[in-house]
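# A closer look at the structure
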Amino acid sequence: MEYIELNNGIKIPALGYGLFMVDPLKSEEYVTQAIETGYRLIDTAQVYNNEAGAGNAVKKSGIKREEFFIVSKIWHTNAGYDNALKSIEISLKKLQTDYIDLMLIHMPYNDYYSIYMALETAYKNGIVKSIGISNFDTGRYIDIAYHSEIKPVINQVETHVFNQQKKLQKAMQEYGTEIMAWAPFAEGKNDFFNNSILKSIGEKYNKTAAQTALRFLIQSGIIVIPKTIHIDRMKENFNVFDFNIDEQDMQLIKNMDTEKAVIGDFSDIEYNKYVLNIKL
Ligand SMILES: NC(=O)c1ccc[n+]([C@@H]2O[C@H](COP(=O)([O-])OP(=O)(O)OC[C@H]3O[C@@H](n4cnc5c(N)ncnc54)[C@H](OP(=O)(O)O)[C@@H]3O)[C@@H](O)[C@H]2O)c1
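Quick summary incoming for the structure in this document. (Residues numbered from 1 in each chain as written. Predicted model: local features only at pLDDT ≥ 70, side-chain atom pairs only at ≥ 80, totals over all residues.)

## Structural notes on the overall build of the protein
When helices and strands are tallied, the protein shows eleven helices and ten strands. On C-alpha atoms alone, the protein measures out to a radius of gyration of 18 Å, which is about the 19 Å that the 2.2 N^0.38 rule sets for 280 residues. With the C-alpha coordinates aligned to their principal axes, the bounding extent of the protein is approximately 55 × 45 × 35 Å. Within the span of the protein, comprising 280 residues, buried residues form 46% of the whole. Residue pairs in contact within the protein that sit at least 24 positions apart in sequence constitute 73% of those at least 6 positions apart. (Helix = DSSP H or I, 4+ residues; strand = E, 2+ residues; numbered from the N terminus. Rg over C-alpha atoms; globule rule 2.2 N^0.38 Å. Buried ≥ 20, exposed ≤ 12 C-beta atoms within 10 Å, placed from the backbone. Contact = placed C-beta atoms within 7 Å.)

## Quick look at the site of the ligand
Close to the ligand lie 26 residues; Gly18, Phe20, Trp182, Phe185 and Lys227 are nearest. The biggest single contributor to the shell around the ligand is helix α9 (residues 231-238), with three residues. In terms of residue class, the shell around the ligand is built from twelve nonpolar, nine polar and five charged. (Near = placed C-beta within 6 Å. Nonpolar A, V, L, I, M, F, W, Y, C, P; charged D, E, K, R; others polar.)

## Quick look at the sheet that holds strand β3 (residues 16-18)
Ordered in space as β3-β4-β5-β6-β7-β8-β9-β10, the eight strands form an open sheet in which the pairing is parallel. Single-partner strands in this sheet number two, and they are β3 and β10 (223-224). Where β3 lies against strand β4 (residues 41-43), three bridges are found, and the strand directions are parallel. From the neighbouring strand, Gly16 faces β4, where its bridge partner is Leu41. Sitting on the sheet, helix α3 (residues 81-95) touches β5 (69-74) and β6 (102-105), and the angle it makes with β5 is about 140 degrees. The strands touched by helix α4 (residues 112-125) within the sheet are β5, β6 and β7 (131-134), with β6 carrying the most contacts at an inclination of about 165 degrees. (Pairing = 2+ DSSP bridges. Axes fitted to C-alpha atoms, helices over the stretch in contact; angles between N-to-C directions.)

## A look at the packing of α3 against α4
Interaxial distance between α3 and α4 falls to 8 Å at its minimum, and their mutual angle equals 50 degrees. As judged from the angle between their axes, α3 and α4 are oblique. Crossing of α3 over α4 shows right-handed handedness. Note on element contacts: α4 touches α3 through Ser114, Ile115, Met117, Ala118, Thr121 and Ala122, opposite Tyr81, Ala84, Leu85 and Ile88. Classifying every residue of the contact of α3 with α4 by side-chain character gives eight nonpolar, two polar and no charged. (Parallel < 35°, antiparallel > 145°, perpendicular 65-115°, else oblique. Left-handed = near helix turned anticlockwise from the far one by under 90°.)

## Brief notes about unusual backbone geometry
Positive phi outside glycine occurs at Asn190, with the angle close to 60 degrees. Within the secondary structure, Asn190 sits in the loop between β9 (178-182) and α7 (196-204). For Asn190, a count of 16 C-beta atoms within 10 Å corresponds to the partly exposed category. For Asp191, which is not glycine, the phi torsion reads 50 degrees and is therefore positive. Mapped onto the elements of the fold, Asp191 is located in the loop between β9 and α7.

## Looking at the pairing of β5
Within β5, six of the six residues are buried, which leaves it mostly tucked inside the rest of the structure. Burial of the side chains of β5 extends over both faces: Phe69, Val71 and Lys73 are buried on one face and Ile70, Ser72 and Ile74 on the other. Handedness of the β-α-β unit built from β4, helix α2 (residues 51-61) and β5 comes out right-handed. Relative to β6, β5 is paired through four bridges, and the arrangement is parallel. Residue pairing across strands places Lys73 opposite Leu104, the latter belonging to β6. Each parallel crossover has a hand, and the one from β5 via α3 to β6 is right-handed. (Right-handed = clockwise from strand over helix to strand, strands pointing away.)

## Points about the pairing of strand β8 (residues 154-158)
When you tally the buried positions in β8, you get five out of five residues, the bulk of the element. As judged from the two bridges shared by β7 and β8, these two strands associate in the parallel manner. Pairing of Ser134 across the sheet is with Gln156, part of β8. Between the parallel elements β7 and β8, the chain passes through helix α5 (residues 138-147) in a crossover that is right-handed. With five bridges joining them, β8 and β9 adopt parallel strand pairing. Counted as the bridge partner of Val157 is Ala181 from β9. For the crossover from β8 across helix α6 (residues 166-171) to β9, the handedness is right-handed.

Spelled out as structure tokens, the structure:
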């Protein structure tokens, strides 16, 4: 495993296991398999409804809590300072832990400043070890980073070979905020796993398109949290630390960037409405 040092000095694994759309009733089983595979970073969220499953798996693993890096996210319906703080307590209970390693504002909707202030309080109280944001574009990022006392350690955004987030990554250097890539496989869109560039580069290193895509992001300084419910794919996605993509091949993949979202287009009215209407 490789690690990235966050702007508060805490180290985070460069690869984790994502739980979006993972059936709450199956989440314990899948997280257990992920832990057995070697994953220690687990990405869940209040709105995924699988914090409890993740918490059970961590607890039953018998592995020390300090070895894990648990990420969760506050949904926008929990906006308001008191509500947001209460929601952190609920997440802690579901996760069966005394602290969450990283808590994010899930979406830049509603009164997210109140959520951020609650996160700062939780950070000072020690129940959250790092705080950050998700789905913040450059303007919103600069605003919150500029005005906050505790700078966000991470902005979790849609990042993959087709949407490499270079401009955002550059803007975030000022406050030392790292990118965590959601949908590192673009959720399989654009026939991702059969992409000819990723496949042909992968063949040189004896790796699949999926492994090549993850390695590219990790070598670009980006934390990745691929999701799969298949144990063979958990192993495949984890097995990305025994090779390096050379400069020439990195450039070929850099050229795949379209600088456009494939899944979460926040300039699209319907997408915004769809997300806004998701209730806890
Ligand atoms: N902050 C946010 O707003 C936000 C939004 C979306 C996601 N996320 C986080 O980011 C994580 C990852 O994103 P994501 O789940 O949306 O998409 P993703 O990881 O890009 O793609 C997941 C899809 O790829 C398939 N897959 C995984 N590994 C594969 C492999 N080696 N070969 C072939 N197919 C493979 C999975 O199928 P199977 O499961 O059937 O194997 C699933 O359909 C989420 O789970 C969540 O934790 C955050």
